[in-house]
Amino acid sequence: QVQLVESGGGLVQAGGSLGLACAVSINVVSATVMGWYRQAPGKQRESVATINRGGSTNYADSVKGRFTISRDIGKNTIYLQMNSLKPEDTAVYYCKATFSSTGYWGQGTQVTVSS
């Protein structure tokens, strides 16, 4: 069983920055893809940023240029640096480890951006 624990959420004003971390119980490069997802109230969960085993990254159009996903292989941790935050970024942010046919989720961390 893979365990993921997110941290770093909180309340920030629009235009501010927050950094999220996801500690993983396995080597982060053993998963096919590691990623950050978010779910706002009344909306479906959506992909925010992903990083694959080879280190290639992918971002949702809505966060390109503002968010950066990274990883520390030695610490089994992935990060999401969020800059220029907007009220529409408010959501619960989840970390996910995806293997060939299975995905594991963290418990989520709340990010609230006030206007």
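To keep things clear, this report deals only with the structure shown in the data block. Everything numeric here is computed off the predicted structure, so don't read it as measured data.

### Considerations on the state of the cysteines
Evaluated as defined, the whole model comprises one disulfide. Here cysteine 22 pairs with cysteine 95 through a disulfide, and the sulfurs are 2.1 Å apart. The sign of the -85° torsion about the S-S bond sets the cysteine 22-cysteine 95 disulfide as left-handed. Remark: cysteine 95 occurs in strand β9 (residues 91-98) and cysteine 22 occurs in strand β3 (residues 18-24); sequence separation between them is 73 residues. Each of the two residues, cysteine 22 as well as cysteine 95, counts as buried.

### Some remarks on the sheet that holds strand β8 (residues 77-82)
With antiparallel pairing, four strands are arranged side by side in an open sheet as β1-β3-β8-β7. Strands at the two margins of the open sheet, each flanked by one partner only, are β1 (4-7) and β7 (67-72). Neighbouring strand axes in the sheet, compared pairwise and without regard to direction, differ in orientation by 15° on average. Of the pairings in the sheet, the one linking β1 to β3 comprises four bridges and is antiparallel in character. By the bridge assignment for β3, serine 7 is matched with alanine 21.

### Some words on the nonpolar core
In this structure, Met34, Trp36, Leu80, Met82 and Tyr93 are the most contacted members of the largest nonpolar core, which totals 30 residues. Where this core is concerned, the elements lending two or more residues are β3, β4 (33-39), β5 (46-52), β7, β8, β9 and β11 (109-114).

### Here's the deal with the packing of aromatic side chains
As enumerated under the stated definition, the model contains three aromatic pairs in all. With a centroid separation of 5.1 Å and an interplanar angle of 70°, the aromatic rings of tyrosine 37 and tryptophan 105 are classed as edge-to-face. Taken together, the residues tyrosine 37 in strand β4 and tryptophan 105 in strand β10 (residues 103-105) connect sequence positions 68 residues apart. Among the aromatic residues, those joined into a ring-pair cluster are Tyr37, Tyr94 and Trp105. Between the NZ or CZ atom of arginine 45 and the centre of the ring of tyrosine 94, over which it lies, the distance is 3.7 Å. One Lys or Arg, arginine 45, reaches over the ring of tryptophan 105 and ends 4.5 Å from the middle of that ring.

### Here we look at the side chain of aspartate 89
Mapping aspartate 89 onto the fold places it in the loop between β8 and β9. Judged by relative accessible area, which is 1%, aspartate 89 ranks as buried. A polar contact of 2.7 Å, which involves the side chain of aspartate 89, links it to the backbone nitrogen of lysine 86. Beyond its immediate stretch of four places on either side in the chain, aspartate 89 contacts Arg38, Arg66, Phe67, Ser84, Val111 and Val113.

### A few points about the pattern of salt bridges
Inspection of the entire model under this criterion finds four salt bridges. With a shortest N-O distance of 3.1 Å, lysine 64 and aspartate 61 are connected by a salt bridge. Overall, lysine 64 belongs to the partly exposed group, its relative accessible area being 49%.

What counts as what
- Residues numbered from 1 in each chain as written.
- Predicted model: local features only at pLDDT ≥ 70, side-chain atom pairs only at ≥ 80, totals over all residues.
- Heavy atoms only, no water.
- Disulfide = S-S within 2.5 Å.
- Helix = DSSP H or I, 4+ residues; strand = E, 2+ residues; numbered from the N terminus.
- Buried < 20%, exposed > 50% of the residue type's maximum accessible area, 1.4 Å probe, protein only.
- Pairing = 2+ DSSP bridges.
- Axes fitted to C-alpha atoms, helices over the stretch in contact; angles between N-to-C directions.
- Core = buried A, V, L, I, M, F, W, Y, C linked by side-chain atoms within 4.5 Å.
- Phe/Tyr/Trp six-rings, centres within 6.5 Å; stacked < 30°, edge-to-face > 60°.
- Lys NZ or Arg CZ within 6 Å of the ring centre and 35° of its normal.
- Polar contact = N/O pair within 3.5 Å; in protein donor to acceptor, adjacent residues only side chain to side chain.
- Contact = heavy atoms within 4.5 Å.
- Salt bridge = Lys/Arg side-chain N within 4 Å of Asp/Glu carboxyl O.

Function cannot be read off these values alone, since they describe shape.
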